[in-house]
Amino acid sequence: MNGSSALTALVAIGWRNLWRNSRRTLIMLAAISVGVWAMIFMTALIRGMLDDMIHGAVSNFLDHGQIRHQQYADDPSIDNRLPAPGPALASALDRETRHWSQRIRVPAVIASERETTGVQLLAIDPQREAHLSFIAQAVVHGRYLENADDPGIIIGESLADQLETRLGRRIVVMTQGPDNQVADRGFRIVGIYRTALKNREKMWAFISLNTAQQFLGVGDDVTEIGWQLPDYNQAPAVAATLARDAGNADSRAWQDIDKFLNSSLSMMDGFVLVWILIVFTALSFGLVNTLAMAVFERMREFGLMKALGLKPSAIVLLVLAESLSLIALGLALGNALAWVSIRSMAGGIDISAVAQGMEMMGASAVLRPALYTHDLWLANAVVLGLGTLASCLPAWRAARLDPIAALRKS
């Protein structure tokens, strides 16, 4: 019998031995399947929450990257502004990004007839901004800004309640213009937007870009150029490419702009690995115990095999074949169960009961699991690799049995 035929025979014998105690095998199979399902499903929930946080931050004017004045990060005032993109930079943005837009972002104070509060005033190009952020789809009363010369203002629903004002009323916006001059102007509310995050509604007020440039007296200057890509993971490379055409401006990817969010992602990657290892550790006790019991019950059988001339290495392969068959079947069932669970929850899980906590994390009240191929491979590789390693101990013990002593056991 050649090597491949012998290995095939050992695998066949191992598979048959697996079902000699079908109840124990089914219990262990259920444990592995549920463990694999828990690894993949919980990881998908975590990834879904992270994706939601990233999507929320990107649509909340973080973008996948921005070009700003070198001093803007330290002093976000209108004094630290940029000229409008020249032909070279505009061409590079068209070539390297999916969508881009220029904005003016300044802190401001809004006053109604009754209340006054602070906001972030964002001047946008309405047509370009519609591809980048949430605002174009979030207007629930009135209208979105029609063009870059629109004289109106859009505020959030919660901000309107706070200011005790409504659609069609006039409010006064005050901010700091160039050279520390106070700039103020009255705007009529043409739109009110609503988001899942109430704090976001109180944070942003929107006016058109050309109106803001005239209001502030800054010519064609802007404070930032935001851009987005099909894949946010490519942002650092694109930011470096754009930096060559940005002159003295600061070109950064979102990972450099929001370091807290980037650190959270790195921490979650580590958490996913630790979670998988914890679940596997619990599984490994059952797996090793099952194989150890199988070896203990078949000591006379292994002793007889060795007495008939079967090599210790063949006994090791036989026990490993049983173990790998059990693991492979458990992985297949666990993967299938996880896939069905994730597909059935594609519409999201309503967690509005903890909406305030999710809002603090920048996530919405609907959690949608997200299954990534590398997470799937990681869970399967950990179970298969460490499962094989854990199976080596009972296999090694079976191979070291003394044939005579084993045959004397009852």
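Residues numbered from 1 in each chain as written. Predicted model: local features only at pLDDT ≥ 70, side-chain atom pairs only at ≥ 80, totals over all residues. Heavy atoms only, no water.

1. What to know about the overall build of the chain
So, point 1. Counting its regular elements, the chain contains 16 helices and 12 strands.
So, point 2. Computed over its C-alpha atoms, the radius of gyration of the chain comes to 31 Å, more than 25% above the 22 Å expected for a compact globule of 410 residues.
So, point 3. Oriented by its inertia axes, the alpha-carbon framework of the chain measures out at about 100 × 45 × 30 Å.
So, point 4. By the burial criterion, 49% of the 410 residues in the chain qualify as buried. (Helix = DSSP H or I, 4+ residues; strand = E, 2+ residues; numbered from the N terminus. Rg over C-alpha atoms; globule rule 2.2 N^0.38 Å. Buried < 20%, exposed > 50% of the residue type's maximum accessible area, 1.4 Å probe, protein only.)

2. Some details on the environment of Ile110
So, point 1. Residue position: Ile110 is located in strand S2 (residues 99-111).
So, point 2. A relative accessible area of 0% places Ile110 in the buried class.
So, point 3. As for Ile110 and Ser158, which are separated by 48 residues in sequence, their C-alpha atoms are 14 Å apart.
So, point 4. Residues within four places of Ile110 in sequence aside, it is in contact with Glu115, Thr116, Thr117, Val119, Ile153, Leu159, Leu163, Ile171, Val172, Val173 and Ala205. (Contact = heavy atoms within 4.5 Å.)

3. Topic: the nonpolar core
So, point 1. Membership of the largest hydrophobic core comes to 83 residues, with the highest contact counts inside it found for Ile67, Ile104, Ile110, Ile153, Ile155 and Trp227.
So, point 2. When residues of this core are assigned to domains, at least three fall in each of domain 1 (3-57 + 262-408) and domain 2 (66-252). (Core = buried A, V, L, I, M, F, W, Y, C linked by side-chain atoms within 4.5 Å. Domains from an automatic or database assignment.)

4. Looking at the domain arrangement of the chain
So, point 1. On domain assignment, one finds that the chain holds domain 1 (3-57 + 262-408) and domain 2 (66-252).
So, point 2. Relative to domain 2, the C-alpha centre of domain 1 lies at a distance of 50 Å.
So, point 3. Across the contact, six residues belong to domain 1 and five residues belong to domain 2.
So, point 4. Of the roughly 460 Å² buried at the junction of domain 1 and domain 2 (both faces included), carbon and sulfur atoms supply 55%.
So, point 5. Linking domain 1 with domain 2 are zero salt bridges, by the criterion used here.
So, point 6. Linking domain 1 with domain 2 are zero residue pairs in polar contact (both at pLDDT 80 or more).
So, point 7. Examining the composition of the side of domain 1 that touches domain 2, we find that three residues originate from one element, helix H2 (residues 22-62), more than from any other.
So, point 8. Grouping the amino acids of the side of domain 1 that touches domain 2 by side-chain chemistry returns three nonpolar, one polar and two charged. (Buried area = accessible area lost by both parts, 1.4 Å probe. Salt bridge = Lys/Arg side-chain N within 4 Å of Asp/Glu carboxyl O. Polar contact = N/O pair within 3.5 Å; in protein donor to acceptor, adjacent residues only side chain to side chain. Nonpolar A, V, L, I, M, F, W, Y, C, P; charged D, E, K, R; others polar.)

5. What about the packing of H2 against helix H13 (residues 312-344)?
So, point 1. Where H2 meets H13, the axes come as close as 7 Å, and the angle between the chain directions of the two elements is 45°. Taken together, the axes of H2 and H13 are oblique relative to one another. Between H2 and H13 lies a crossing of right-handed hand. Contact residues: Thr25, Met28, Leu29, Ile32, Ser33, Val36, Trp37, Ile40, Phe41 and Ala44 in H2; Leu326, Ile327, Leu329, Gly330, Leu331, Leu333, Gly334, Asn335, Leu337, Ala338, Ser341 and Ile342 in H13. (Axes fitted to C-alpha atoms, helices over the stretch in contact; angles between N-to-C directions. Parallel < 35°, antiparallel > 145°, perpendicular 65-115°, else oblique. Left-handed = near helix turned anticlockwise from the far one by under 90°.)

6. Quick notes on the pairing of strand S3 (residues 116-124)
So, point 1. In terms of strand pairing, S2 meets S3 through nine bridges, oriented antiparallel. Among the inter-strand pairings, Ile110 is bridged to a residue of S3, identified as Thr117.
So, point 2. Taking the residues that link successive antiparallel strands as the turn, the S2-S3 hairpin has four residues.
So, point 3. In the sheet, S3 pairs with strand S8 (residues 204-208) via five bridges, with the strands oriented parallel. Counted as the bridge partner of Gln120 is Trp204 from S8. (Pairing = 2+ DSSP bridges.)

7. Focus: a negative patch on the surface
So, point 1. A contiguous patch of negative charge on the surface is contributed by Asp74, Asp75, Asp79 and Asp179.
So, point 2. With a relative accessible area of 40%, Asp75 lands in the partly exposed category. (Patch = residues over 30% accessible without salt bridge, like charges linked within 9 Å, V, L, I, M, F, W, Y side chains within 5 Å. Areas by Shrake-Rupley, 256 points an atom, 1.4 Å probe, with all protein chains shown as cover. Lys, Arg positive; Asp, Glu negative; His and termini not counted. Charge placed at Lys NZ, Arg CZ, Asp CG, Glu CD.)

8. Quick notes on the packing of aromatic side chains
Within a pair of aromatic rings, the relevant descriptors are the distance that separates the centres and the angle that separates the planes.
So, point 1. Overall, the coordinates contain 10 aromatic pairs when judged by the stated rule.
So, point 2. Three or more aromatic residues link up through ring pairs in this structure, and these residues are Phe61, Phe134, Tyr193, Trp204 and Phe206.
So, point 3. In this structure, Arg128 packs its charged tip against the face of Trp100, placed 4.1 Å from the ring centre.
So, point 4. Cation over ring: Arg200 sits above Phe134, and NZ or CZ is 5.0 Å from the ring centre. (Phe/Tyr/Trp six-rings, centres within 6.5 Å; stacked < 30°, edge-to-face > 60°. Lys NZ or Arg CZ within 6 Å of the ring centre and 35° of its normal.)

9. Concerning a nonpolar patch on the surface
So, point 1. On the surface, a nonpolar cluster with roughly 300 Å² of combined accessible area is contributed by Val109, Val172, Met174 and Val182.
So, point 2. Tracing the backbone shows Val182 in strand S7 (residues 182-193).

10. Points about unusual backbone geometry
So, point 1. If you check the backbone angles, Phe61 has positive phi at about 70° while not being a glycine.
So, point 2. Its location among the elements puts Phe61 in helix H2.
So, point 3. You can call Phe61 buried: its relative accessible area is 1%.
So, point 4. We note that Asp63 has phi near 60°; this positive angle belongs to a residue other than glycine.
So, point 5. With respect to the secondary-structure elements, Asp63 resides in the loop between H2 and strand S1 (65-68).

11. Some remarks on the side chain of Asp125
So, point 1. With respect to the helices and strands, Asp125 occurs in the loop between S3 and helix H4 (126-129).
So, point 2. Apart from the residues lying within four places of it in its own chain, the contact partners of Asp125 are Ser101, Gln102 and Leu209.

12. Digging into the pattern of salt bridges
So, point 1. One pass over the full model with this rule turns up 15 salt bridges.
So, point 2. A salt bridge links Arg103 to Asp63; its shortest N-O distance comes to 2.8 Å. Separated by 40 residues along the polypeptide, Arg103 in strand S2 and Asp63 in the loop between H2 and S1 bring together distant segments of the chain. The same class applies to Arg103 and to Asp63, which are both buried.
So, point 3. Across the pair Glu146 and Arg143 runs a salt bridge, and its minimum N-O distance is 3.7 Å.
So, point 4. What emerges from the salt-bridge pattern is a single network uniting Asp63, Arg103, Arg105, Glu129 and Glu224.

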